[in-house]
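# Working through the structure, step by step
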Amino acid sequence: MSGVNKRVLPGFGLSLGFTLVYLSLIVLIPLSAVFLKTSTMSWDEFLNAVAAPRVVASYKLTFGASFLAAAINAVFGLLLAWGLTRYTFPGRKIVDALIDLPFALPTAVAGIALTAIYAKNGWIGALLEPLGIKIAFGPPGVLVALTFIGLPFVVRTVQPVLEDLETEYEEAAASLGATRWQAFQRVVFPTLFPALLTGFALAFARAVGEYGSVIFIAGNIPMVSEITPLIIITKLEQFDYKGATAVASVMLVISFVLLLVINGLQAWTARRTGRAI
Amino acid sequence: MSIEVIGISKTFGTFKALNNVSLNFPDGELVALLGPSGCGKTTLLRVIAGLEHADTGRIVLDGTDATDKDVRQRRVGFVFQHYALFRHMTVFENIAFGLRVRPRRERPSEKDIRAKVNRLLDLVQLGWVANRFPSQLSGGQRQRIALARALAVEPRVLLLDEPFGALDAKVRKELRRWLRTLHDELHISSIFVTHDQEEALEVSDRIVLVNKGQVEQIGTPKEIYEQPATAFAYSFIGSVNEFRGRVDGDFVRVGDEKLRFQTGTFKDGQEVIAFSRPHDTEIVANPQSEDGVSASIKRILGTGAVARVELVANGEAREGRKEFFEVEIPGSDVQSLGLSTGQHVKLIGRRLSVFADQNGTQAAS
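Right, let's walk through the structure included here. (Residues numbered from 1 in each chain as written. Chains lettered and ligands numbered in written order. Predicted model: local features only at pLDDT ≥ 70, side-chain atom pairs only at ≥ 80, totals over all residues. Heavy atoms only, no water.)

## A look at the packing of helix α1 (residues 12–39) of chain A against helix α13 (residues 241–272) of chain A
All names here are of chain A.
- Running from N to C, α1 and α13 cross one another at 125°; their axes reach a closest spacing of 8 Å. Taken as axis vectors, α1 and α13 run oblique relative to one another. Seen from above, α1 lies across α13 with left-handed handedness. The residues of α13 that touch α1, namely those facing Leu31, Val34, Phe35, Lys37 and Thr38, are Tyr241, Lys242, Thr245, Ala246, Ala248, Ser249, Leu252 and Val253.
- For the contact of α1 with α13, a count of residues per class yields 8 nonpolar, 3 polar and 2 charged. (Axes fitted to C-alpha atoms, helices over the stretch in contact; angles between N-to-C directions. Helix = DSSP H or I, 4+ residues; strand = E, 2+ residues; numbered from the N terminus. Parallel < 35°, antiparallel > 145°, perpendicular 65-115°, else oblique. Left-handed = near helix turned anticlockwise from the far one by under 90°. Contact = heavy atoms within 4.5 Å. Nonpolar A, V, L, I, M, F, W, Y, C, P; charged D, E, K, R; others polar.)

## Examining the packing of helix α10 (residues 180–209) of chain A against α13(A)
All names here are of chain A.
- It is the contact of α10 with α13, at a shortest axis distance of 10 Å, that shows an interaxial angle of 175°. Taken together, the axis directions place α10 and α13 in an arrangement best described as roughly antiparallel. Here α10 contributes Phe193, Pro194, Leu197, Thr198, Phe200, Ala201, Phe204, Ala205 and Val208 to the contact with α13, which in turn contributes Met251, Ser255, Leu258, Leu259, Ile262, Leu265, Gln266 and Thr269.
- Counted by class, the contact of α10 with α13 contains 13 nonpolar, 4 polar and no charged residues.

## Describing the sheet that holds strand β4 (residues 56–61) of chain B
All names here are of chain B.
- Taken in spatial order, the 4 strands line up as β2-β1-β4-β5 in an open sheet, and their pairing is antiparallel. In this open sheet, the two strands that pair with only one neighbour each are β2 (15–25) and β5 (64–65).
- Pairing geometry for strand β1 (residues 3–12) and β2, over 7 bridges, is antiparallel. Its bridge partner lying in β2, valine 5 is registered against leucine 23.
- Its contacts with the sheet put helix α1 (residues 41–49) on β1, β2 and β4, and the angle it makes with β2 is roughly 60°. (Pairing = 2+ DSSP bridges.)

## Here's the deal with the packing of aromatic side chains
- Inspection of every chain in the model, using the stated rule, returns 19 aromatic pairs over all chains.
- Relative to Phe46(A), the ring of Trp43(A) has its centre 5.7 Å away and its plane inclined at 25°; by these criteria the two rings are stacked. Of the two residues, Trp43(A) and Phe46(A) are both situated in helix α2 (residues 43–50); the distance of 3 residues between them amounts to about one turn of the helix.
- For Trp43(A), a relative accessible area of 61% puts it in the exposed group.
- Plain terms: the ring middles of Phe184(A) and Phe189(A) are 6.1 Å apart, the flat faces sit at 45° to each other, and that makes the pair tilted.
- A relative accessible area of 28% means that Phe189(A) is categorised as partly exposed.
- Over the ring of Trp178(B) we find Arg144(B); its NZ or CZ atom is 5.7 Å from the centre of that ring.
- When the ring centre of Tyr225(B) is taken as origin, the NZ or CZ atom of Arg277(B), which lies over that ring, is 5.0 Å away. (Phe/Tyr/Trp six-rings, centres within 6.5 Å; stacked < 30°, edge-to-face > 60°. Buried < 20%, exposed > 50% of the residue type's maximum accessible area, 1.4 Å probe, protein only. Lys NZ or Arg CZ within 6 Å of the ring centre and 35° of its normal.)

## Comments concerning the pattern of salt bridges
All names here are of chain B.
- Overall, the coordinates contain 37 salt bridges over all chains when judged by the stated rule.
- The partner of glutamate 202 in a salt bridge is arginine 176, with the nearest N and O atoms 3.1 Å apart. Of the two residues, glutamate 202 is situated in helix α7 (residues 197–203) and arginine 176 in helix α6 (residues 169–186); the sequence distance between them amounts to 26 residues.
- Ionic pairing is found between arginine 308 and glutamate 310, a salt bridge with its closest N-O pair at 3.0 Å. (Salt bridge = Lys/Arg side-chain N within 4 Å of Asp/Glu carboxyl O.)

## Comments concerning the side chain of Asp280(B)
Residues and elements named next belong to chain B.
- Tracing the chain through its elements places aspartate 280 in the loop between β14 (271–276) and β15 (281–284).
- Of the residues examined, aspartate 280 reaches a relative accessible area of 9% and is grouped as buried.
- In contact with aspartate 280, not counting residues within four places along its chain, are Ile348, Gly349, Arg350 and Arg351.

## Here's the deal with the pairing of strand β13 (residues 257–260) of chain B
All names here are of chain B.
- Of the strand pairs in this sheet, strand β12 (residues 251–254) and β13 are connected by 4 bridges, and their pairing is antiparallel. Counted as the bridge partner of arginine 253 is lysine 258 from β13.
- Linking β12 to β13, which pair antiparallel, is a turn of 2 residues; within it glycine 255 sits at a positive phi near 65°.

Structural data, given as structure tokens:
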């Protein structure tokens, strides 16, 4: 009787099959089309497309600004999550609902709104102008837009972990003589770290792919404030499909490697802190 | 170290958790704070630890006022009901925590930390789990590690909040015996909170019985068990039969029936509660007997040396439930009295303890 099913949970074949088919249809097939199209190019064509100075500058901006934005979100998202879970204040529910707004807002709306505020004649832009700080229509604008859209990821991944983290742990740390800072640094933060890392990765991935909000505020100056997704769109508009897919495939590979590294970091901390044994 | 609690009150919203509590814990004893849930015992423990601040009153540790000191400065070891072990640290690092967070000039060397942690691990007989994480330990092991962690900072006093509350019955018994032995070795003043009277009676040197934010009685387990001072103490400790009625001469009148009592003087007509332990309660087989409260036998358990007879009161149910009685008699009496299930009998108390019935002293059992 080799056909006896030894698994307790039924439906392994069905769920695995469904997962694979679904993943293929939604993710793998469209993405492999990118690589297939790219593979029709010659090596020189490919290099010309992906290593042109203007394109390289856009990689730097996209990944640099995304990384920075995710880092900013990790810090302030943690603070926000902390404020929302640890304290009760009037209007807390409203603030909590506001967090999700960048999720729901069409990115173009976000871009226009941010541009209106940060432009020279906008509310905040007008204040910064005399100080010589220019946000809109330059790389700082890109950073602002990417920070805006990435915020909910960090807050929403850290929040539930913070809610589950009972104050008992901090009390225990205090009774053992730890200062508040030591309790945070040695007890609270390590517990939050995996969630924070996940939030960071999500915010980063989202920022890398962001297009709509950035193009309004960035100014899109070649070599200065042009993001990679815009390069791809530009190439498409010029009917340079191969060039577009070539740049896209480079982006894909970089993103994939970075996410893989973050996942590896996750697994490493999990092993080091006893969650994955 | 001695602990003095002077006039502590604490209110949460409109709920009075502690009402002017004053206590004196002598040096080196293992004291149980015993009471029903919600009586304020945990709050009292947390106030002593400095995890909670009282509205009024003072805490004096070792002769110096510690009221305004926070938990870090009080040097108390606190053990939580749910262990509160740091999940991301190994057992070793958990125990070492208190040593590692010390200011640099007071911090022991790595070698000393190692030696001390290993000594503590040996003390709690868990040397072999040093490199595991808390999630890999059983509940009993976790609580022993939590205790070792608290002891690492050489606290002047050890406070344990329902330390065995989350454990199953068998481990609980083992662990409380172990705690007693450990205390006899270390002689560190300890207070533990429990709602389990058996635990308090078995482990502690002294019991503080708490009810509704107030101290009901303080005494050795023997005193608390044998001479309950209040109606609450009587009904909370051990099983007991309860009769409510009015004083009429040498009798307590319960409905139309009467019970003779021996001690205490009350005015005629005073509303009282009379208590009788199961082994001090007698069954009179003749339901026409003049003395006693009538009841009918529901079950007879155990036919060995001691038989336990469960009975329910005859007549109207009070407050939706019929009164329930429990009597322990020598097994041979079941035969000689000819008792059987369903039989109508009368109950009398051999040593009836009578307390004035102030509304609100009702037992929360």
